[in-house]
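One letter stands for each residue in the lines below.
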Amino acid sequence: MGRIALLGIFCCFIALFGCDAQKKAKKEEGFVELFNGQNLDGWVGNKQSYRVENGNIIVDPSGGGSGGNLLTEGEYGDFVFRFEFQLTPGANNGLGIHAPLEGDVAYVGKELQILDNTAEKYANLQPYQYHGSVYGIIPAKRGFLKPVGEWNAQEVTVNGSKIKIVLNGSTIVDADLQEAVKNGTLDKKDHPGLKRNVGHIGFLGHGDVVRFRNIRIKELPSKK
């Protein structure tokens, strides 16, 4: 009887594991990997500062410059973008969307902050400068980053003028970009990138070490 019971438990475990695997596969259906874990094929930009290490993209400013930008070769309009990132103490980076290949993406495209919110040097930033915020435009909710050194999972959905950002399972931004600026931008600066609805996606280094992995995208039908 003991062996039968153990066999039953084992079968249940296998069945549950199979269900979880099927759910994960279904959840990721339609997504395309943007990073192959081996090299930076499919990416353009500063490949001196950005390199592949242990299956991750690492931006290391000692490689040249302050980090600079690493962008996808392809351009994307409406999409769901998923990735994981690991911060180092005081790290500052950004996720650029609808970006051209030249210029400051925070203005000529759109920059979503990647930041160690807990660093003392960032204690007095503007609300729109903390992690997940659409820089200069929409502040993100705080308190959902994992401790520095742990891996975070983030999902960005762009659909027309709507943008939604989910960090570690919690929604930190859910807004309409056009509505957000109907009375002007929060930083009082010009953001011509708000008029762009297609462009490159990538990472915007600011002189700090950050790691990225599991980078994938699902394109959505355009509303145009």
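Heads up: these notes are all about the structure in this document.

The rules behind the values
- Residues numbered from 1 in each chain as written.
- Predicted model: local features only at pLDDT ≥ 70, side-chain atom pairs only at ≥ 80, totals over all residues.
- Heavy atoms only, no water.
- Helix = DSSP H or I, 4+ residues; strand = E, 2+ residues; numbered from the N terminus.
- Buried < 20%, exposed > 50% of the residue type's maximum accessible area, 1.4 Å probe, protein only.
- Areas by Shrake-Rupley, 256 points an atom, 1.4 Å probe, with all protein chains shown as cover.
- Phe/Tyr/Trp six-rings, centres within 6.5 Å; stacked < 30°, edge-to-face > 60°.
- Lys NZ or Arg CZ within 6 Å of the ring centre and 35° of its normal.
- Pairing = 2+ DSSP bridges.
- Contact = heavy atoms within 4.5 Å.
- Axes fitted to C-alpha atoms, helices over the stretch in contact; angles between N-to-C directions.
- Core = buried A, V, L, I, M, F, W, Y, C linked by side-chain atoms within 4.5 Å.

1. Quick word on the overall build of the protein chain
- Of the regular secondary structure elements, the protein chain holds three helices and 13 strands.
- Scored against the burial criterion, the 224 residues of the protein chain give a buried share of 45%.
- Total accessible area on the protein chain is roughly 11,800 Å²; 53% of this is exposed by carbon and sulfur atoms.

2. Examining the packing of aromatic side chains
- With the rule as written, the count across this model stands at eight aromatic pairs.
- On the numbers, 6.4 Å between centres and 45 degrees between planes, the contact of F83 with F212 is tilted. Within this pair, whereas F83 is found in strand β6 (residues 79-87), its partner F212 is found in strand β13 (residues 210-219), the two being separated by 129 residues in sequence.
- Taking relative accessible area as the criterion, F212 reaches 0% and is therefore assigned buried.
- When the ring of Y128 is compared with that of Y135, the centres are 6.0 Å apart and the planes differ by 85 degrees; the resulting orientation is edge-to-face.
- Exposure remark for Y128: the relative accessible area of 12% places this residue in the buried category.
- An aromatic cluster is present here, built from W43, F81, F83, F85, F203 and F212 joined pairwise through their rings.
- A cation over an aromatic ring shows up here: R142 above the ring of Y130, its NZ or CZ 3.8 Å from the ring centre.

3. Quick word on the pairing of strand β3 (residues 50-53)
- The pairing of β3 with strand β4 (residues 56-59) spans four bridges and is classified as antiparallel. Its bridge partner being in β4, R51 is matched across the sheet by I58.

4. Describing the environment of L70
- Among the secondary structure elements, L70 is positioned in strand β5 (residues 69-72).
- Here the alpha-carbon distance between L70 and H200, two residues 130 residues apart in the chain, equals 9.7 Å.
- Filtering out sequence-adjacent residues up to four positions away, L70 remains in contact with L40, W43, V44, K47, Y50, I57, I201, G202 and F203.

5. Thoughts on the sheet that holds strand β7 (residues 92-99)
- Read from one edge to the other, the open sheet built from five strands follows the order β2-β5-β12-β7-β8, with strand pairing classed as antiparallel. The sheet is open, and its two edges are formed by β2 (43-45) and β8 (110-115), each paired on a single side. Geometrically, the sheet is characterised by an average inter-axis angle of 25 degrees between neighbouring strands, direction not taken into account.
- One ladder, built from three bridges, connects β5 with strand β12 (residues 200-204); its direction is antiparallel. What sits directly across from N69, in β12, is L204.

6. Points about the nonpolar core
- Counting 39 residues, the largest nonpolar core has F81, L95, I163, F212 and I215 as its most contacted members.
- Per element, the largest residue contribution to this core is five residues, and it comes from β6.

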